[in-house]
Amino acid sequence: PIRIRAPTHGSDGYSMHRLIAIDDEPGVLRELERTLQDPGLQLETTSDPVAALERLRDTEFDVVIADCRMPEVDGVRLLTEVRKRHPHTVRLMLIGHADMRGRGAALNDAGIFRFVAKPWGAPELRQAVADALAQRGRLLEAGRALRAAAPGADFSIRRRLTVGELRKLANA
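I will try to describe carefully the structure that is included in this document. (Residues numbered from 1 in each chain as written. Predicted model: local features only at pLDDT ≥ 70, side-chain atom pairs only at ≥ 80, totals over all residues. Heavy atoms only, no water.)

Broken down by element type, the protein carries six helices and six strands. Taken from the N to the C terminus, the helices and strands of the protein come in the order β-β-α-β-α-β-α-β-α-β-α-α. Expressed as a percentage of its 172 residues, the buried residues of the protein come to 41%. For the protein, the proportion of contacts with a sequence separation of at least 24, taken over those separated by at least 6, is 68%. When the accessible surface of the protein is summed, it comes to about 9,100 Å², and 52% of that surface belongs to carbon and sulfur atoms. (Helix = DSSP H or I, 4+ residues; strand = E, 2+ residues; numbered from the N terminus. Buried < 20%, exposed > 50% of the residue type's maximum accessible area, 1.4 Å probe, protein only. Contact = heavy atoms within 4.5 Å. Areas by Shrake-Rupley, 256 points an atom, 1.4 Å probe, with all protein chains shown as cover.)

Structure below.
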């Protein structure tokens, strides 16, 4: 199940920053919720990477935070899929010390913006999210500039996966 911690619009009527966090450990998800309590953030959490991929089929998030090691779909595979479908979504990965070994090429495929080591300090995590949101703004601005420079061009690279493809990805 996916938990949503905040409304989709702030009291001023503007959209909030949307984040989704995926980790198979409920305690980590609770700590993320506690650390990222902010009126400008809407945080969804789930321990199920397949449910997260299904949610990402229909919803674009500003930032995706995923654990490196999870059953069914590991964090690198999940974030690689996010990058394919939502190239302007910024990707953060939660890692343990041992998770860095042997992951170089795969991590590049996922286009991870920043790694956050477990256990993290609250200021470190908040800064990583703030930096990710700033990066998201830069990516969106670059996209707007590109579309303005070439009106009518199709720069879309997103494709929706079927539920069968999601299951196949989970079992790969």
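Right, let's talk about the side chain of Thr46 for a bit. Of note, Thr46 is situated in strand S3 (residues 41-46). One polar contact links the side chain of Thr46 to the main-chain amide nitrogen of Asp48, over a distance of 3.1 Å. (Polar contact = N/O pair within 3.5 Å; in protein donor to acceptor, adjacent residues only side chain to side chain.)

With that out of the way, let us pick up helix H3 (residues 75-85). Among the eleven residues of H3, eight are classified as buried, and the element is accordingly described as predominantly covered. Restricting attention to buried positions, one finds in H3 the residues Gly75, Val76, Leu78, Leu79, Thr80, Glu81, Val82 and Arg85. Its side-chain oxygen placed 3.2 Å from the backbone nitrogen of Val76, Asp74 serves as the N-cap of H3.

Once that is clear, we can look at the environment of Ile20. Relative to the helices and strands, Ile20 is located in strand S2 (residues 17-22). By relative accessible area, which is 0% here, Ile20 ends up buried. For the pair Ile20 and Leu56, spaced 36 residues apart in sequence, the C-alpha separation works out to 9.1 Å. Beyond its immediate chain neighbours, meaning those up to four positions away, Ile20 contacts Leu43, Glu44, Ala52, Arg55, Leu56, Phe61, Val63, Val64 and Ile65.

With respect to the helices, strands and loops of the structure, Gly40 is situated in the loop between helix H1 (26-35) and S3. Once the C-alpha coordinates of Gly40 and Met16 are considered, the two residues, 24 residues apart in sequence, prove to be 5.3 Å apart. Not counting residues within four places of it along the chain, the set of residues in contact with Gly40 comprises Met16 and His17.

The contact between helix H2 (residues 49-58) and H3 brings their axes to 11 Å, and the two run at 5°. Between H2 and H3, the angle is such that the two are roughly parallel. Taken together, the residues of H3 that come into contact with H2 (itself represented by Pro49, Ala52, Leu53, Leu56 and Arg57) are Leu78, Glu81, Val82 and Arg85. Each residue belonging to the contact of H2 with H3 can be placed in one class, and the counts come to six nonpolar, no polar and three charged. (Axes fitted to C-alpha atoms, helices over the stretch in contact; angles between N-to-C directions. Parallel < 35°, antiparallel > 145°, perpendicular 65-115°, else oblique. Nonpolar A, V, L, I, M, F, W, Y, C, P; charged D, E, K, R; others polar.)

Quick look at the pattern of salt bridges now. This model, assessed by the stated rule, comprises eleven salt bridges. Arg18 is the salt-bridge partner of Glu44, the closest N and O atoms lying 3.1 Å from each other. Taken together, the residues Glu44 in strand S3 and Arg18 in strand S2 connect sequence positions 26 residues apart. Assessed through its relative accessible area of 0%, Glu44 is described here as buried. One salt bridge connects Lys118 with Glu25, and the closest N-O pair in it is separated by 3.8 Å. Here Lys118, found in the loop between strand S6 (114-117) and helix H5 (122-149), pairs with Glu25, found in the loop between S2 and H1; they are 93 residues apart in sequence, far enough to count as distant. Accessibility expressed as a relative area gives 22% for Lys118, which makes it partly exposed. The class of Glu25 is partly exposed, set by a relative accessible area of 40%. Salt bridges here are not isolated pairs; linked through shared partners, they connect Asp23, Glu25, Asp67 and Lys118. (Salt bridge = Lys/Arg side-chain N within 4 Å of Asp/Glu carboxyl O.)

With that out of the way, let us pick up unusual backbone geometry. Pro119 follows Lys118 through a cis peptide bond whose omega is -10°. You can see Pro119 is positioned in the loop between S6 and H5. One non-glycine residue, Glu72, lies in positive phi territory at about 70°. Mapped onto the elements of the fold, Glu72 is located in the loop between strand S4 (63-67) and H3.

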